[in-house]
Amino acid sequence: MLKGKDIITIKDLSKREIFEIFETAKEMIPIAKGKSIDLLKGKILATLFFEPSTRTRFSFETAMHRLGGEVISFADPKTTSISKGETLADTIRIVDSYSDVIVIRHSYEGAAKLASKFADHPVINAGDGAGQHPTQTLLDLFTIWSNLGKIENLNVGLLGDLKYGRTVHSLALALADFGANLYMISPKGLEMPDHINREVGEKIKVKKTEDLLSVIGELDVLYVTRIQKERFPDINEYLKIAGSYRIDLSTLEKAKKDLIILHPLPRIDEISPDVDYTPHAKYFEQAFNGVPVRMAILSMVMGVR
Amino acid sequence: MQDKELKIEKIRNGTVIDHIPSGRALKVLKILNIDENVKTTVSIGIHVTSKKSGFKDIVKIEDRYLASKEIAKIALIAPNATVNKIKDYEVVEKYNVVPPSEIAGIVKCSNPACVTNANEPVVPEFYVISTEPIRIKCKYCEREMEGGDIIQNII
């Protein structure tokens, strides 16, 4: 039962709870597509996005509206009392007294944990600094599960900047818990940190490589992340690396027929637009899945499911 | 111990913290808030020969007994230290320090982006995830700290 529960990191959820979220999210898909219902009528979601976001915020707000609930929010954090020097703790106490559930994104690491301490209602972390973003991990896992029917024993390639993105770290840990085999595919200098490799290596098989083409034929899932320009002191080095990690039709020649490609988006040029029209491309479906997955979470933490 | 070996006098009443890793005595004083305003006699031995471990530090504080919270703090930087309670020159109680499983308000998080460093009304809290060597993990941002990092961030 998720009723009343805060969702701060993916580790707050048991495997069983994650599967319950998946089953509920599956039922929510037709509602997410427009068949709105009144499940959360009379309930109020407060979205506190102290950092900009489009997909995450829109999908939470869409999820709430589709379930018949209301959303309160601010347009710009600069206009809030935080900018006058109010503590986050006080803001949370007040917003908590106005609403039934809080979704928060903040630049401080641990901000959602702090919010959960001061709120009586459930708090859902929508990203805290370079920290956790558990609903992203859930929708990534859900997209794999709903397309391939399982996660266990799948060969999942994580491609790109595996060093800095902590969301890809939580995804790797979650995939390992579900028994997927991981392929860490990254350029030199952007490899998965050792402590993550060690932790996942205790549970599952891990293969590390710099060369996507040497493993593409083995993969069931390819999870692409963006390689950021800022990570390279030399722009030419960046262009060379980014070019060699770009997915296009020729990259996919040796891929399995039912390989699925995911990307947390926004993409810049990691995936060629031609790929969008292949059956491999599931990244837009993945972005859509943010809505049913968040509908499931909202209704479950509010105890109506 | 024979008197001729004693570099620091025996104390009548108070606390002797023994088997502090060599060089950490001053940190122990910091943890115990012993500074220029101290009102009791404190003797410090640094780099003293130890039968057990080569060299050690030792701190003797007269007329003060330590609270269990203070003893737990010492465990963070001196996991093998012993704390002796002295009355009338005799050891009346002796404890090995034991790191607690969780700590609050003793160390601040070394992550500048952690919410506990942001003027919020919370004390920093950590799980002690390993004792040998000591490693702690922030309950808020999940940053792990060890060794020198912990010592530098003692509040």
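Residues numbered from 1 in each chain as written. Chains lettered and ligands numbered in written order. Predicted model: local features only at pLDDT ≥ 70, side-chain atom pairs only at ≥ 80, totals over all residues.

Let's talk about the overall build of chain A
Point 1. When its secondary structure is counted, chain A shows nine helices and nine strands.
Point 2. Overall, the C-alpha framework of chain A stretches about 55 × 40 × 40 Å when taken along its three principal axes.
Point 3. For chain A, restricting intrachain contacts to residue pairs at least 6 apart in sequence, the fraction spanning at least 24 positions comes to 72%. (Helix = DSSP H or I, 4+ residues; strand = E, 2+ residues; numbered from the N terminus. Contact = placed C-beta atoms within 7 Å.)

Some details on the domain arrangement of chain B
Residues and elements named next belong to chain B.
Point 1. One can read the domain layout of chain B as domain 1 (9-96) and domain 2 (102-152).
Point 2. Between domain 1 and domain 2, the C-alpha centre-to-centre distance is 24 Å.
Point 3. If you look at the interface, domain 1 gives five residues, while domain 2 gives seven residues.
Point 4. Counting residues per element, the side of domain 1 that touches domain 2 draws most heavily on helix α2 (residues 68-77), which supplies three residues.
Point 5. Considered class by class, the residues forming the side of domain 1 that touches domain 2 number three nonpolar, no polar and two charged. (Domains from an automatic or database assignment. Nonpolar A, V, L, I, M, F, W, Y, C, P; charged D, E, K, R; others polar.)

Let's talk about the packing of helix α5 (residues 134-148) of chain A against helix α9 (residues 283-301) of chain A
Residues and elements named next belong to chain A.
Point 1. Their axes nearest at 9 Å, the elements α5 and α9 cross at an angle of 115°. In terms of orientation, α5 and α9 fall into the roughly perpendicular class. As α5 packs across α9, the resulting crossing turns out to be right-handed. Residues T135, L138, L139, D140, F142 and T143 of α5 touch α9, and the partners they reach there are E285, Q286, N289, G290, V293, R294 and I297. (Axes fitted to C-alpha atoms, helices over the stretch in contact; angles between N-to-C directions. Parallel < 35°, antiparallel > 145°, perpendicular 65-115°, else oblique. Left-handed = near helix turned anticlockwise from the far one by under 90°.)

Some details on unusual backbone geometry
Point 1. In this structure, the amide linkage connecting L265 of chain A to the following residue, P266 of chain A, adopts the cis form with an omega of 5°.
Point 2. As for its placement among the helices and strands, P266 of chain A is situated in the loop between β9 (260-262) and α9.
Point 3. Of note in the backbone geometry, E142 of chain B takes a positive phi value of approximately 70° without being a glycine.
Point 4. Following the sequence through the fold, E142 of chain B ends up in the loop between β8 (134-138) and β9 (144-146).
Point 5. A tally of 20 C-beta atoms within 10 Å means that E142 of chain B is categorised as buried. (Buried ≥ 20, exposed ≤ 12 C-beta atoms within 10 Å, placed from the backbone.)

A word on the interface of chain B and chain A
Point 1. Contacts between chain B and chain A engage 14 residues on the former and 12 residues on the latter.
Point 2. Taken together, the residues of the side of chain B that touches chain A sort by class into nine nonpolar, three polar and two charged.

Quick look at the environment of M28 of chain A
Point 1. Within the fold, M28 of chain A resides in helix α1 (residues 15-32).
Point 2. Distance from M28 of chain A to E230 of chain A, taken between C-alpha atoms, is 39 Å for residues 202 residues apart in sequence.

A few points about α2 of chain B
Since one α-helical turn is 3.6 residues long, residues separated by three or four positions face the same way.
Point 1. Of all the positions in α2 of chain B, only K73, I74, A75, L76 and I77 of chain B are classed as buried.
Point 2. Turning to α2 of chain B, the residues buried within the fold contact β1 (14-21), α1 (25-31), β8 and α3 (147-152) of chain B.

Here we look at the sheet that holds strand β8 (residues 221-224) of chain A
Residues and elements named next belong to chain A.
Point 1. Reading across the sheet, the five strands line up as β7-β6-β5-β8-β9 and stay open at both edges, with parallel pairing between neighbours. A strand with exactly one partner marks an edge of an open sheet, and here the two such strands are β7 (206-209) and β9. Across the sheet, the axes of successive neighbouring strands diverge by a mean angle of 20°, strand direction being ignored.
Point 2. Where β8 and β9 come together, three bridges link them in parallel fashion. Residue pairing in the sheet places Y223 in a bridge with L262 of β9. (Pairing = 2+ DSSP bridges.)

Remarks on the pairing of strand β2 (residues 70-73) of chain A
All names here are of chain A.
Point 1. The pairing of strand β1 (residues 44-49) with β2 spans four bridges and is classified as parallel. Counted as the bridge partner of L45 is V71 from β2.
Point 2. Traced from β1 through helix α2 (residues 55-66) to β2, the parallel crossover comes out right-handed. (Right-handed = clockwise from strand over helix to strand, strands pointing away.)

Concerning the nonpolar core
Considering soluble globular proteins, one finds that nonpolar side chains tend to be buried as a cluster.
All names here are of chain A.
Point 1. Of all hydrophobic cores here, the largest spans 124 residues; its most connected members are I102, A115, L158, I261 and L298.
Point 2. It is α9 that contributes the most residues to this core, nine residues altogether.
Point 3. With residues near it in sequence (within four places) discarded, L298 still touches L40, L45, A63, M64, L67 and V101. (Core = buried A, V, L, I, M, F, W, Y, C linked by C-beta atoms within 7 Å.)

Details of the domain arrangement of chain A
Residues and elements named next belong to chain A.
Point 1. According to the domain assignment, chain A consists of domain 1 (10-132 + 288-301) and domain 2 (135-286).
Point 2. A straight line from the C-alpha centre of domain 1 to that of domain 2 covers 27 Å.
Point 3. In this assembly, 19 residues from domain 1 lie in contact with 17 residues from domain 2.
Point 4. Taken together, the elements giving at least two residues each to the side of domain 1 that touches domain 2 come down to α1, β4 (123-128) and α9.
Point 5. For the side of domain 1 that touches domain 2, the class distribution of residues is 11 nonpolar, four polar and four charged.

Things to note about the sheet that holds strand β6 (residues 102-104) of chain B
All names here are of chain B.
Point 1. Strand order across the open sheet formed by four strands is β6-β7-β8-β9, with antiparallel pairing between neighbours. Lying at the two open borders of the sheet, with one neighbouring strand each, are β6 and β9. With strand direction ignored, the average angle separating the axes of adjacent strands in the sheet is 30°.
Point 2. As judged from the five bridges shared by strand β7 (residues 125-131) and β8, these two strands associate in the antiparallel manner. Looking at β8, one finds that F126 is bridged to C138.

A short note on the packing of α1 of chain A against α9 of chain A
Residues and elements named next belong to chain A.
Point 1. Where α1 meets α9, the closest approach of the two axes is 7 Å, and the angle between their N-to-C directions is 115°. You can see that α1 and α9 cross each other, and the crossing is right-handed. Taking contact as the criterion, the partners of I21, T24, A25, M28, I29, I31 and A32 in α1 are, on α9, V291, P292, V293, M295, A296, I297, S299 and M300.
Point 2. Its residues placed into classes, the contact of α1 with α9 shows 13 nonpolar, two polar and no charged.

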